[in-house]
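Inside the fold
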Amino acid sequence: MTLQLFGKLVRLLLKERMEYRADFILSAFAQIIAYAGDYIVIWLFIQRFNTIAGWTWPEIALLYSIGLFTYALGASFSFVQMRELESQVKQGTFDILLIKPVNPYLYLVSRGFNLGYIAHILISGSVLIWSISKLNMQWTLSEYIYLILVVVSGAMIYAGILTIIGAVSFIWIRTNFMFTLFFRLKDFIAYPLPIFGTFIQLLLTVAVPLAFVSFYPAAFLLSNDATLLPQWAMWMVPLIGPLCYWAGYRFWMYGANKYQGAGG
Amino acid sequence: MDIISVNDITKTYRQYRRFPGLIGSVRSLFTREYIEETAVRNLSFSIKEGEAVGYLGPNGAGKSTMIKMMTGILVPTVGELRVLGSVPHQARKDNSRQIGVVFGQRSQLWWDLPVKDSFDLHKYIYKIPPITFEKNLEFCVELLAIKDFIQKPVRQLSLGQRMRVEIAMALLHEPKILFLDEPTIGLDVIAKDQIRQFLRTVNRDKRVTIVLTTHDMKDIEEICPRMIVVNKGSVVYDGSVVELRNRLGNERQVVIDFREEPGLIDMPGITLLQEEGLRRTYSFAKSDASVFDLVSRIAAKYPVEDASIESADIDSVIRRLYQQLAEADLKRQIG
Amino acid sequence: MRMYLMFTMKAFSNQLAYRSEVWLRLLGNFVTILIQVEIWRAVIGNGSVAGIKAEQMITYSIINTLLFALLLNGVSSKVDGSLKSGGIASELIKPLSYPLYLLFDGLGNSLYQLAFTAAPSLLIAGLFFGILPPATLTHFFAFLLALILALIISFLLGYLISLLAFWFMNHFALSWMMGGLITIFSGSFLPIWFFPPSWASVAKMLPFQYMGYVPAAIYLGNITETELWQVFAMGVGWIVGLLVLVQWLWTRAVRRLVVQGG
């Protein structure tokens with residue numbers, strides 16, 4: 001699995017989408033409207049209450065946008081691929097991956113690379129840039145690097161968790177309910193975490209590390225210290241993503257081995 | 001040299017017990033309760049380079065499981081399996097470059113894109129040198145007559161056209177072995193014929209070893225000089241098609257057209273199979289007497305217009321083999 | 001009529017096959033309510049904003065979350081499914097009204113949700129977060145009436161989307177767009193009384209408010225008895241308007257279907 005092969009796949013995926021060009025554009029447009037609705041509700045909310053737990057509108061916009069942007073990035077490499085895995089295993093189409101001279105995981109996620117998240121990327125990216133400019137922060141290069149690192153890390157957290165859920169398909173149980181649970185948990189991180197009790201905060205920090213996707217990065221970038229973590233932990237945050245993704249990958253490969261019956 | 005050697009292979013599946021509901025799903029994660037099912041039992045055979053072997057058996061005989069083990073998709077529970085000198089799942093990536101696999105019911109093509117795009121991607125994935133690729137493409141395009149639709153999206157192809165394309169793709173990287181899992185399923189007669197002819201050419205001229213599973217005995221008859229029949233995970237026949245016919249096909253069918261209604265024909269050694277106006281089809285046990293003899297004895301007694309002798313087709317030979325197996329099974333159960 | 005009630009029963013019993021998902025729905029509702037409760041507690045605290053206390057907003061959130069489960073949102077995807085599979089043709093041949101069939105089928109789902117999701121969720125939420133009683137008896141009955149309006153309007157909007165999909169052939173996009181409008185203008189998260197004046201006046205002219213804001217506001221008594229008539233009159237007006245619109249689109253859609261041969 002080389003970058004060159006990935007590029008080839010993306011070109012084919014794009015060509016495939018362009019077969020239904022009008023549909024693709026209309027869908028992207030519709031999704032932008034839908035997410036604009038989410039943003040507008042929060043904006044209306046803050047028009048009335050000024051802040052949520054001390055977070056102003058541009059700050060909340062930054063928090064929400066990091067969450068949405070990283071989700072789109074991570075999910076484009078994992079969500080649909082992992083959700084479909086259960087039926088692929090059942091129908092035997094998964095076997096086709098195993099007869100190719102490629103790493104089955106990398107091929108699965110690249111072959112399913114989802115261009116449909118372009119709408120998410122566009123709207124969250126725009127609001128993200130807007131919020132940074134609005135916040136008027138005296139950022140040095142290190143903050144920009146930090147932002148890039150946490151975005152990559154956040155995407156990897158999402159992809160890692162979704163990969164773990166997908167890998168459960170190999171062990172023969174239904175995964176649908178786990179995806180639903182995941183999306184419910186994800187709802188929490190649209191808001192500043194301190195408004196929730198310690199239990200929820202710990203849950204999202206330790207058990208399902210979704211707080212590292214957007215809340216901790218945004219809090220550190222905004223020098224907002226109302227978090228469970230001390231300031232020195234700032235540079236640990238971007239490590240969580242690779243860790244999560246690595247764990248997801250290992251678990252997936254373990255599941256695939258189990259499916260093949262190797263040493264299982 | 002054996003290109004495939006299967007030595008006392010057993011494959012059991014563990015069917016983990018599942019519990020209903022949300023709590024049940026969580027419980028299934030931790031439970032160790034399972035049922036063991038044996039798909040392949042103490043199976044041994046070997047295939048030499050350049051052979052074409054039909055691998056058949058009734059539904060649930062473990063055919064697909066065996067193909068999946070040989071292609072490295074599944075790992076045997078017990079036993080030694082070697083394909084191209086290596087253990088398939090350990091050398092999965094290396095071996096996959098030297099084998100071609102066609103699943104009759106699972107497409108490997110990009111549904112919405114022209115056929116050519118799937119081929120190009122295949123070239124990338126298998127790292128096929130451009131000259132080799134062009135040469136093989138030309139060979140397949142010509143012999144499978146796919147030129148007319150190579151630029152069409154796959155979704156617009158008929159099933160027969162699609163199957164031809166699938167087979168062509170599996171050969172682009174010059175595999176030493178070609179595995180085909182029910183390649184002719186659901187196809188019309190012409191498409192089947194085209195594919196059979198092509199596979200025969202590939203086997204004879206390019207010396208590609210072919211292993212194929214099918215339900216259509218004609219596939220075996222026309223492509224594979226050798227067949228392996230499995231039942232309940234074990235080999236029940238391994239040999240040439242001709243030999244099996246000799247062993248089981250000791251039955252001849254005779255179709256007789258009478259001039260007028262002959263009434264009931266009472267003669268030892270014949271059984272009425274079919275009655276269609278004045279045409280009757282009988283089966284004769286070959287060992288009892290010469291068929292020709294019997295026919296002339298009937299002709300002497302009854303008004304015969306015409307008669308033709310047919311040998312039992314491979315379908316009925318296999319049917320008899322399965323029947324014998326089932327009877328043996330029943331006896332074992334009773335005894 | 002009996003035939004249509006049969007569809008309701010059938011949809012209800014079909015849903016029973018998914019009863020293993022009940023726990024999941026309950027948990028999902030609990031989380032959704034929890035998030036809103038914490039937000040309102042954080043911004044209102046022990047005081048009040050514009051005369052609204054945190055307990056009122058908690059009740060508001062509970063009503064809205066549970067109401068959402070009852071709405072007939074599945075209509076458009078059902079039509080889309082039979083449009084894509086071609087099953088629509090055989091639906092149209094049957095000697096019955098297709099929209100009525102959809103309505104009663106949807107009601108079966110709502111009934112199921114009421115019994116197995118909304119009612120237990122209400123109990124759980126009441127236990128954990130507390131729920132206020134209705135403002136007055138009149139408001140309670142008006143609330144029940146408003147629920148019926150909510151069901152009808154949600155059905156008509158879903159049906160409208162599915163009819164538009166006959167032309168756009170992209171049900172996915174249409175329902176996402178509609179979802180965006182509902183998020184904002186139903187007031188199901190942020191009540192319209194907290195909207196800035198210009199936004200509030202727009203929201204109060206649209207039908208989406210009946211799918212969230214109106215029933216909850218009536219329950220809490222934030223719509224006075226004199227205003228009630230006005231709100232109901234406008235709701236009925238919207239229903240009539242939407243009915244005319246979908247009827248007109250329906251005849252055109254059928255004609256289109258016949259011309260194109262399904």
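Residues numbered from 1 in each chain as written. Chains lettered and ligands numbered in written order. Predicted model: local features only at pLDDT ≥ 70, side-chain atom pairs only at ≥ 80, totals over all residues. Heavy atoms only, no water.

**Overview of the pairing of strand S8 (residues 226–231) of chain B**
Residue and element names in this part refer to chain B.
- Here S8 lies mainly inside the structure; six of its six residues are buried.
- Residues Arg226, Ile228 and Val230 of S8 are buried on one face, and the alternating residues Met227, Val229 and Asn231, pointing to the opposite face, are buried as well.
- Bridge count between strand S3 (residues 52–56) and S8: four bridges; the pairing is parallel. When the bridges of S8 are listed, Leu56 appears paired with Val229.
- Pairing of S8 with strand S9 (residues 234–240) involves six bridges; the strand directions are antiparallel. Following the sheet pairing, Ile228 is matched in S9 by Asp238.
- Hairpin connection, S8 to S9: the antiparallel pair is bridged by two residues, and Lys232 has positive phi, about 50°. (Buried < 20%, exposed > 50% of the residue type's maximum accessible area, 1.4 Å probe, protein only. Helix = DSSP H or I, 4+ residues; strand = E, 2+ residues; numbered from the N terminus. Pairing = 2+ DSSP bridges.)

**Remarks on the packing of helix H4 (residues 75–85) of chain C against helix H6 (residues 98–129) of chain C**
All names here are of chain C.
- Interaxial distance between H4 and H6 falls to 10 Å at its minimum, and their mutual angle equals 125°. The angle between H4 and H6 places the two elements in the oblique class. You can see that H4 and H6 cross each other, and the crossing is right-handed. In this structure, H4 uses Val75, Lys78, Val79 and Ser82 to contact H6, whose residues at the interface are Tyr98, Tyr101, Leu102 and Asp105. (Axes fitted to C-alpha atoms, helices over the stretch in contact; angles between N-to-C directions. Parallel < 35°, antiparallel > 145°, perpendicular 65-115°, else oblique. Left-handed = near helix turned anticlockwise from the far one by under 90°. Contact = heavy atoms within 4.5 Å.)

**Let's talk about the packing of aromatic side chains**
All names here are of chain A.
- Tallying each qualifying case throughout the model produces 59 aromatic pairs over all chains.
- Aromatic side chains Tyr39 and Tyr64 sit 5.0 Å apart centroid to centroid with 70° between the ring planes, which places their arrangement in the edge-to-face category. Of this pair, Tyr39 sits in helix H2 (residues 21–49) while Tyr64 sits in helix H3 (residues 57–76); the two residues are 25 residues apart in sequence, bridging distant segments of the chain. With respect to class, Tyr39 is no different from Tyr64; both count as buried.
- Measuring from ring centre to ring centre gives 5.1 Å for Trp139 and Tyr144, while their planes differ by 80°; the resulting arrangement is edge-to-face.
- Judged by relative accessible area, Trp139 falls into the buried class, the value being 12%. (Phe/Tyr/Trp six-rings, centres within 6.5 Å; stacked < 30°, edge-to-face > 60°.)

**Some points on the side chain of B:Thr10**
All names here are of chain B.
- Residue position: Thr10 is located in strand S1 (residues 2–16).
- Looking at Thr10, the relative accessible area reads 13%, which means it is buried.
- Residues in contact with Thr10, not counting those within four places in the same chain, are Thr38, Val40, Arg41, Asn42, Pro76, Thr77 and Val78.

**Side note on the packing of H2(A) against helix H8 (residues 171–185) of chain C**
- At a closest axis distance of 8 Å, the pairing of H2(A) and H8(C) adopts a crossing angle of 10°. Here H8(C) runs roughly parallel to H2(A), going by the angle between their axes.

**Here we look at the UniProt feature "transmembrane region" (unreviewed entry) in chain C**
Residues and elements named next belong to chain C.
- Residues annotated by UniProt as "transmembrane region" (unreviewed entry) correspond here to residues 57–75, 111–133, 140–168, 174–194 and 229–250.
- Helix makes up 79% of residues 57–75 and strand 0%, and the two end C-alpha atoms of the span are 30 Å apart.
- Helix makes up 100% of residues 140–168 and strand 0%, with an end-to-end C-alpha separation of 41 Å. (UniProt positions renumbered as here; feature names shortened; annotations may be inferred.)

**Some points on the side chain of C:Gln56**
Residues and elements named next belong to chain C.
- Structurally, Gln56 is set in helix H3 (residues 54–70).
- On the accessibility criterion, Gln56 (17% relative accessible area) is buried.
- Setting aside its immediate chain neighbours within four residues, Gln56 contacts Gly51, Leu132, Leu220 and Asn222.

**Some remarks on the pattern of salt bridges**
Residue and element names in this part refer to chain B.
- On inspection of all chains with the given rule, the structure shows 22 salt bridges over all chains.
- In this structure, Lys218 engages Glu222 in a salt bridge whose closest nitrogen and oxygen atoms are separated by 4.0 Å. Of this pair, Lys218 and Glu222 both sit in helix H8 (residues 217–223), four residues apart, roughly one helical turn.
- As a salt-bridge pair, Arg226 and Asp238 come within 2.9 Å of each other at their nearest N and O atoms. Placement of Arg226 in strand S8 and of Asp238 in strand S9 is noted, with a sequence separation of 12 residues between them.
- Judged by its relative accessible area of 37%, Asp238 falls in the partly exposed class.
- Salt bridges linked by common partners bring Lys192, Arg196, Asp216 and Asp219 together as one network. (Salt bridge = Lys/Arg side-chain N within 4 Å of Asp/Glu carboxyl O.)

**Description of the nonpolar core**
- A:Phe45, A:Trp252, B:Ile4, B:Met66, B:Phe119 and C:Leu190 are the most contacted members of the largest nonpolar core, which totals 264 residues.
- Considering every element that reaches this core, the biggest residue donor is helix H7 (residues 137–168) of chain C, with 15 residues. (Core = buried A, V, L, I, M, F, W, Y, C linked by side-chain atoms within 4.5 Å.)

**Overview of the sheet that holds strand S5 (residues 99–103) of chain B**
Residues and elements named next belong to chain B.
- Taken in spatial order, the six strands make up an open sheet running S5-S6-S7-S3-S8-S9, and their pairing is mixed. In this open sheet, the two strands that pair with only one neighbour each are S5 and S9. On average, each strand axis in the sheet is inclined to that of its neighbour by 15°, with strand direction left out of account.
- Across the face of the sheet, helix H7 (residues 189–205) comes into contact with S3, strand S6 (177–181) and strand S7 (209–213) while running at roughly 145° to S7.
- Of the strands in this sheet, S8 and S9 are in contact with helix H9 (residues 241–248), which crosses S9 at around 105°.

**Quick look at the pairing of S7(B)**
All names here are of chain B.
- Here S7 lies mainly inside the structure; five of its five residues are buried.
- Inspection of the sheet shows S3 paired to S7 by four bridges, in the parallel sense. Across the sheet, the residue bridging to Gly54 is Leu212, located in S7.
- Looking at chain direction, S6 and S7 are connected through five bridges and run parallel. Bridged to Leu180 within S7 is Leu212.
- Following the chain from S6 across H7 to the adjacent parallel S7, one finds a crossover that is right-handed. (Right-handed = clockwise from strand over helix to strand, strands pointing away.)

**Considering the interface of chain A and chain B**
- Each partner contributes to the interface: chain A provides 35 residues, whereas chain B provides 35 residues.
- Buried surface at the junction of chain A and chain B, summed over both partners, amounts to about 3,400 Å²; 63% is from carbon and sulfur atoms.
- Its largest share of buried area at the contact with chain B, chain A owes to A:Ile99, A:Pro101 and A:Gln260, together 20% of the area lost on that side.
- If you look at where chain A meets chain B, you find four salt bridges.
- A salt bridge links B:Lys68 to A:Asp95; its shortest N-O distance comes to 3.2 Å.
- For the pair chain A and chain B, the number of links is 14 residue pairs in polar contact (both at pLDDT 80 or more).
- Elements represented by at least two residues in the side of chain A that touches chain B include exactly helix H1 (3–18), helix H5 (95–98), helix H6 (104–111) and helix H12 (237–260) of chain A.
- At nine residues, the largest contribution of residues to the side of chain A that touches chain B is made by H1(A).
- Within the side of chain A that touches chain B, the residues separate by chemical class into 18 nonpolar, eight polar and nine charged. (Buried area = accessible area lost by both parts, 1.4 Å probe. Polar contact = N/O pair within 3.5 Å; in protein donor to acceptor, adjacent residues only side chain to side chain. Nonpolar A, V, L, I, M, F, W, Y, C, P; charged D, E, K, R; others polar.)

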